[in-house]
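Examination of the molecular architecture
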Amino acid sequence: SYFKRESSNPDYKDFSDSKVTPGITVSVTPMKGLSFWASAVEGFRAPVLDELYYSVDLGMPWLPGGVVDANPDLKPEKSWNYEVGMNALFGGLITDRDQTSIKAAFFYDDVEDFININSSTDNDGIEHFRAENIGRVVRKGVELTGTYAIDNFSATASYGLVHVTDKETDKRVTGITPQSVNLKLDYKLNTWYRLSWNDAASGDKDKNTATTRVNYGSFVTHSLGLTWTPKIPNFWDFAAGVAIENITDEEYRYVNGSWGYGRGVRVWVSGRF
């Protein structure tokens, strides 16, 4: 993996970094439809453009609000990622035409220069949000996914739990959503509906007192989409799609205090040949 940032601003030096990221996975299938795996993979994640350069004043002339500050000096994350898990696939749960799959995984990531949103308040009482590197963190958690499919219909439910700790201070890193639940219903021509629940009430802890610093409450968003995957000769895995996200235009705040996105339309095309 390779990352390079070039700047015409003399205050910011050009910066580049790269890393070879090997990994190994061992999988065991003791019986048909059941498998276990364990993996160790070295990771490298370069900061995205929003983290490097996004800057906006969230206030109004008559009502100062928060400010999002850019941070062009962000360094890429480097990590070792460990995971153990299980896959199960079986049919005939309710009828002889259905299939049920279950996936459970536990992960443990040791991350250097972890990128996280930090918030601070200046002397005028204005809150500033800025992406910053944290020296070293441990990110661990559980992911559970289940899918039931019959004929042209499928339903998928997933649950995620994550806990992030600063290795230097042994305290919980703020601004990370601790729990999330997703439900997706898919019918016929890959028409789908997704419900997403996020716990934003219990993840932001004061670094010194370990007490809850903010309480924005959990939130639910709804999305609806259509994916088209035609069979094109000599062309593999072509797909096109459109989705309306956050249909109800829900107003919500993430654990780190930043506002979420309103209703939006997403269109995409992908292909491998």
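Note: the structure precedes this text.
A few points on the structure. Counting of residues starts from 1 at the beginning of each chain's written sequence and follows it residue by residue. Local features in a predicted model are, by the rule used here, given only for residues with pLDDT of at least 70; side-chain atom pairs are given and counted only at 80 or more, and totals for whole chains, interfaces and linings are based on all residues. Side-chain metrics in this entry use all non-hydrogen atoms of the structure; hydrogen atoms and water are not considered.

Examining the environment of Gly257
Its place among the elements puts Gly257 in the loop between β14 (236-245) and β15 (264-272). For the pair Gly257 and Ser119, spaced 138 residues apart in the sequence, the C-alpha separation amounts to 8.1 Å. When checking whether two residues touch, look at their non-hydrogen atoms; a contact exists if any pair is within 4.5 Å. Not counting chain neighbours up to four residues away, the residues in contact with Gly257 comprise Phe129 and Tyr216. Numbering of helices and strands runs from the N terminus, with a helix taken as a DSSP run of H or I at least four residues long and a strand as a DSSP run of E at least two residues long.

Focus: unusual backbone geometry
A positive phi angle, close to 55°, is found at Asp151, a residue other than glycine. Position of Asp151 relative to the elements: it lies in the loop between β9 (127-150) and β10 (153-166). Between buried and exposed lies partly exposed: a residue is buried under 20% and exposed over 50% of the maximum accessible area for its type, with that area taken using a 1.4 Å probe on protein chains only. Taking relative accessible area as the criterion, Asp151 reaches 55% and is therefore assigned exposed. The phi dihedral of Asp170 is positive, around 60°, even though this residue is not glycine. The class of Asp170 is exposed, set by a relative accessible area of 65%.

What to know about a nonpolar patch on the surface
To count toward a patch, a residue needs a relative accessible area above 30% and no salt bridge. Like charges then connect within 9 Å, nonpolar side chains (Val, Leu, Ile, Met, Phe, Trp, Tyr) within 5 Å. Accessible surface area values rest on a Shrake-Rupley calculation with a 1.4 Å probe, where residue burial reflects the displayed protein chains alone. We define a salt bridge as a contact between a side-chain nitrogen of Lys or Arg and a carboxyl oxygen of Asp or Glu at a distance within 4 Å. Taken together, the side chains of Leu224, Leu226, Val242, Ile244, Ile247, Val265 and Val267 present a nonpolar region at the surface, about 580 Å² in accessible area. Contributions of two or more residues to the nonpolar patch are made by β13 (219-228), β14 and β15. Mapped onto the elements, Val267 comes out in strand β15. Residue classification places Val267 among the exposed positions, given a relative accessible area of 63%.

A look at the pairing of β13
Side chains Phe219, Thr221, Ser223, Gly225 and Thr227 of β13 all project onto a buried face; the interleaved residues Val220, His222, Leu224, Leu226 and Trp228 project onto a face where none is buried. Strands are treated as partners if at least two bridges between them are detected by DSSP. Across 8 bridges, strand β12 (residues 191-199) lies against β13 in antiparallel orientation. Within β13, the position partnered with Tyr193 by the bridge is Leu224. In terms of strand pairing, β13 meets β14 through 6 bridges, oriented antiparallel. The residue bridging Leu226 from the neighbouring strand is Val242, located in β14.

Let's talk about the nonpolar core
What we call a nonpolar core is a set of buried Ala, Val, Leu, Ile, Met, Phe, Trp, Tyr and Cys residues that are connected through their side-chain atoms within 4.5 Å. Among the nonpolar cores identified, the biggest contains 9 residues, and these are Phe107, Val111, Phe114, Ile134, Val137, Val162, Val164, Val173 and Ile176. Mapped by element, the contributors of at least two residues to this core are β8 (98-121), β9 and β10. When residues of this core are assigned to their parent elements, the largest contribution, 3 residues, is made by β8. Phe3, Phe44, Leu52 and Ile115 belong to the second largest nonpolar core, which has 6 residues in total.

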